[in-house]
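The residues making up each chain are set out below.
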Amino acid sequence: DVIATARGRGTAMTAFRVTRELPVKVPDLDGLEVPEVQERLTDAGLRPEIDERSNLFEELLPGEPAVCEQDPEPGTEVRRGTTVRVEVARSC
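Here the structure is a predicted model, which means the values were calculated and not measured.

1. Digging into the sheet that holds strand β3 (residues 66-71)
- The strand order across the open sheet formed by 3 strands is β2-β5-β3, and the pairing between neighbours is mixed. The outermost strands of the open sheet, each flanked by one partner alone, are β2 (47-52) and β3. When strand polarity is set aside, the average angle formed by the axes of neighbouring strands in this sheet is 30°.
- Sheet topology note: the β2/strand β5 (residues 83-89) ladder contains 6 bridges and is parallel. In the strand pairing of β5, D51 is matched with E87.
- Against the sheet, helix α1 (residues 34-43) makes contact with β2, β3 and β5, and its axis sits at roughly 160° relative to β2, the strand it touches most.

2. Here we look at a negative patch on the surface
- Negative charge collects at one region of the surface, where E33, D51, E52, E59 and E64 lie side by side.
- Checked against the element boundaries, E52 lands in strand β2.

Calculation rules
- Residues numbered from 1 in each chain as written.
- Predicted model: local features only at pLDDT ≥ 70, side-chain atom pairs only at ≥ 80, totals over all residues.
- Heavy atoms only, no water.
- Pairing = 2+ DSSP bridges.
- Helix = DSSP H or I, 4+ residues; strand = E, 2+ residues; numbered from the N terminus.
- Axes fitted to C-alpha atoms, helices over the stretch in contact; angles between N-to-C directions.
- Contact = heavy atoms within 4.5 Å.
- Patch = residues over 30% accessible without salt bridge, like charges linked within 9 Å, V, L, I, M, F, W, Y side chains within 5 Å.
- Areas by Shrake-Rupley, 256 points an atom, 1.4 Å probe, with all protein chains shown as cover.
- Salt bridge = Lys/Arg side-chain N within 4 Å of Asp/Glu carboxyl O.
- Lys, Arg positive; Asp, Glu negative; His and termini not counted.
- Charge placed at Lys NZ, Arg CZ, Asp CG, Glu CD.

Laid out in structure tokens, this is it:
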């Protein structure tokens, strides 16, 4: 918006926007596989950071890696856009 004012005078009006940011609860990701983790966090407005454990033993186990640990903990209220760190492995 543009407001005109006379030379030598102050502005007639000042405008500002107030926004309210609502916190987001971190979902419980325990036991979920990577695609579902990414979907749930993205849908909640959070950013996933996934760390996959890899060693010889992990490579020999059947199945897909699933969540063993997450930070922040489930139920924690955080700001939208917060990174949630998740550790996945075939055995926890």
